[in-house]
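Observations on the model geometry
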Amino acid sequence: MKYRILGKTGFEVSAVGFGALPIQRIDEDVAVKVIHRALDLGMNFIDTGNRYTDSEYKVGLGIKGRRDEVFIATKSPARDREGMAEHIKLSLERMGIDYIDLYQLHNVKDMENFEKVLAPGGALEALKEAKKEGLIKHIGMSSHRKETLLAAMKEGFVDTVQLAFNAVETDGAEELLKLAQETNTGVIVMKPLAGGALSSASAAVKFLLNYPVSTVIPGVDSIEQVEENAGIGSREPVMTEEEKSILAADVERLGKEFCRRCEYCLPCAVDINIPQIFIWESYVDRYGLPDFAKMRYKSSVEVEACIDCGQCEERCPYGLPIRDMLARAGGKLSSK
Ligand code: SF4
Ligand code: SF4
């Protein structure tokens, strides 16, 4: 395995890490085996989340007796001090550990949320207190929007940023990576396969490893995926001609009609959660979770409620034909 320094943390993390969101859907004993295989292959960075149902608990089982081999990152969507303090405690309990290497503010999606976090009584206070008490070692932030990550680096309170970056989501990455280098901030890359939309893990991850990023964390839920990812992270990221053409074909195919989950289209006039509908569609198309997706869809505002106002399309910076895309997704998600 190749290792890279995770910014100010000074920790040498594996170039390819372990995204622990998908282990929610596998049995405990399988999750433990998958994590053990990752550790055996030198993958020493695991990223989980307070919101990922039992993922933190399963990570705790997987690292039992091997705590020193791994850098544990988790995150919470809490924006206030009290909520964040509770979540830190909960994460420690679930994983059965006495400190967390990196605690991240989860998906700080806009400047309004950013300001809440920094305000008196905001979540950052709880993170700083936990750091003083030794419960967490470092503070980070994740977001789908580069704007808040740039602001966090400029404010100087983060040791790491976690961003969605892949061959079809490159907007703003150059500016962010430049500032990360200047401020010695660790860069963790989520969604390297664009939520499963890119067809070759090896092409997608190698593409990213050619940038100054610290670790790329594809989500995994099987030993095969761990072995494939560890193989990619163990070699120089030189793309073959075949990988280059697969990636180029993917970019061409997805480029025109691919939702980047930036949420600029919101709010919808009738409260349809537009990007969430596309995420559920991907659960049907790519993750084999149609029942789960349909259940969640059913409890949301369905696409039939659309009044055709077109406001979302005016706001989408990628010019997506949102109404057509929603109609297509609704057809797959509807139980009628
Ligand atoms: S066109 Fe439909 S989906 Fe878009 S904002 Fe209007 S009501 Fe919402
Ligand atoms: S539909 Fe467009 S504006 Fe809305 S989240 Fe997707 S890419 Fe962003």
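Along each chain, the written sequence defines residue order, and numbers are assigned to residues from 1. Lettering for chains starts from A, numbering for ligands starts from 1, and both go in the order in which the items are written. Selection of residues for local features in this predicted model requires a pLDDT of at least 70, selection of side-chain atom pairs for listing and counting requires 80 or more, and totals for whole chains, interfaces and linings are taken over all residues. Side-chain measures here rest on the full set of heavy atoms in the structure, leaving out hydrogens and waters.

**Describing the domain arrangement of the chain**
For clarity, the threshold we go by: What fixes the domain bounds is an automatic or database domain assignment. Residues count as neighbours in contact if any of their non-hydrogen atoms are within 4.5 Å of one another. Two parts placed together each lose some accessible area under a 1.4 Å probe, and the buried area is that loss summed for both. A pairing counts as a salt bridge when a side-chain nitrogen of Lys or Arg comes within 4 Å of a carboxyl oxygen of Asp or Glu. Polar contacts here mean pairs of N or O atoms no more than 3.5 Å apart (in protein, one a potential hydrogen donor and the other a potential acceptor; neighbouring residues in sequence count only if both atoms are side-chain atoms).
According to the domain assignment, the chain contains domain 1 (3–246) and domain 2 (274–333). Placing a centre on the C-alpha atoms of domain 1 and another on those of domain 2 gives a separation of 27 Å. With six residues of domain 1 in contact, the opposing surface of domain 2 contributes four residues. Here domain 1 and domain 2 share an interface that buries about 420 Å² over both sides, 47% of which is from carbon and sulfur atoms. Our count for the domain 1 to domain 2 interface comes out at zero salt bridges. Applying the counting criterion to the domain 1 and domain 2 interface returns zero residue pairs in polar contact (both at pLDDT 80 or more).

**Side note on unusual backbone geometry**
Note the cut-off: The secondary structure listing takes helices from DSSP runs of H or I that are at least 4 residues long and strands from runs of E that are at least 2 residues long, numbered from the N terminus. Exposure categories follow from relative accessible area, calculated using a 1.4 Å probe and restricted to protein chains: below 20% of the type maximum is buried, above 50% is exposed, and the middle band is partly exposed.
Note that the residue after Leu 266, namely Pro 267, is joined by a cis bond; omega there is 0°. A positive phi angle, close to 45°, is found at Asn 107, a residue other than glycine. Mapped onto the secondary structure, Asn 107 falls in the loop between strand E6 (100–105) and helix H4 (111–118). Since its relative accessible area comes to 25%, Asn 107 is described here as partly exposed.

**Observations concerning the packing of helix H12 (residues 290–298) against helix H14 (residues 322–333)**
Heads up, the rule is: All axes are obtained by fitting lines to C-alpha atoms, using only the stretch in contact for helices, and the reported angles, taken between N-to-C directions, cover 0 to 180 degrees. Small angles under 35 degrees read as roughly parallel and large ones over 145 as roughly antiparallel, with 65 to 115 read as roughly perpendicular and the rest as oblique. We call Asp, Glu, Lys and Arg charged. Ala, Val, Leu, Ile, Met, Phe, Trp, Tyr, Cys and Pro are nonpolar, and the rest, Gly among them, are polar.
Interhelical geometry of H12 versus H14 gives an angle of 115° and a closest axis separation of 9 Å. Here H12 lies roughly perpendicular to H14, going by the angle between them. Of H14, the residues touching H12 (which contributes Ala 293, Lys 294 and Tyr 297) are Gly 330, Lys 332 and Leu 333. For the contact of H12 with H14, a count of residues per class yields three nonpolar, one polar and two charged.

**A look at the site of ligand 2**
Going by this rule: By convention in this text, a residue qualifies as near a molecule or strand provided that one of its non-hydrogen atoms is within 4 Å of it.
The immediate surroundings of ligand 2 are formed by 13 residues, with Cys 259, Cys 262, Glu 263, Cys 265 and Cys 316 found nearest. Looking at the shell around ligand 2, its residues break down into ten nonpolar, no polar and three charged.

**Some details on the site of ligand 1**
Near ligand 1 you find Cys 268, Ala 269, Val 270, Cys 306, Ile 307, Asp 308, Cys 309, Gly 310, Cys 312, Arg 323 and Leu 326, and these make up its full shell. When grouped by side-chain class, the residues that make up the shell around ligand 1 number eight nonpolar, one polar and two charged.

**Description of the sheet that holds strand E9 (residues 186–190)**
Under the convention used in this document: DSSP-based pairing: two strands are paired if at least 2 bridges between them are found.
Taken in spatial order, the eight strands make up an open sheet running E3-E4-E5-E6-E7-E8-E9-E10, and their pairing is parallel. What marks the edges here is a single partner per strand, and that holds for strand E3 (18–19) and strand E10 (215–216). Of the strand pairs in this sheet, E3 and strand E4 (residues 45–47) are connected by two bridges, and their pairing is parallel. Bridge pairing in E4 places Gly 19 opposite Asp 47.

**Section: helix H3 (residues 81–95)**
Applicable threshold: By this rule, a helix spans an expected 1.5 Å times one less than how many residues it contains. Here the arc refers to the set of directions running from the helix axis out to each C-beta atom.
The end-to-end C-alpha separation of H3 is 21 Å, in line with the 21 Å expected for 15 residues at 1.5 Å each. Every buried residue of H3 is accounted for by Gly 83, Met 84, Ile 88, Ser 91, Leu 92 and Met 95. For H3, the arc enclosing every buried residue in end-on projection is 170°, short of the 170-degree limit, so these residues lie on one face. Looking at H3, the residues exposed on the side facing more than 90 degrees away from the buried face are Glu 82, Glu 86, Lys 89 and Glu 93.

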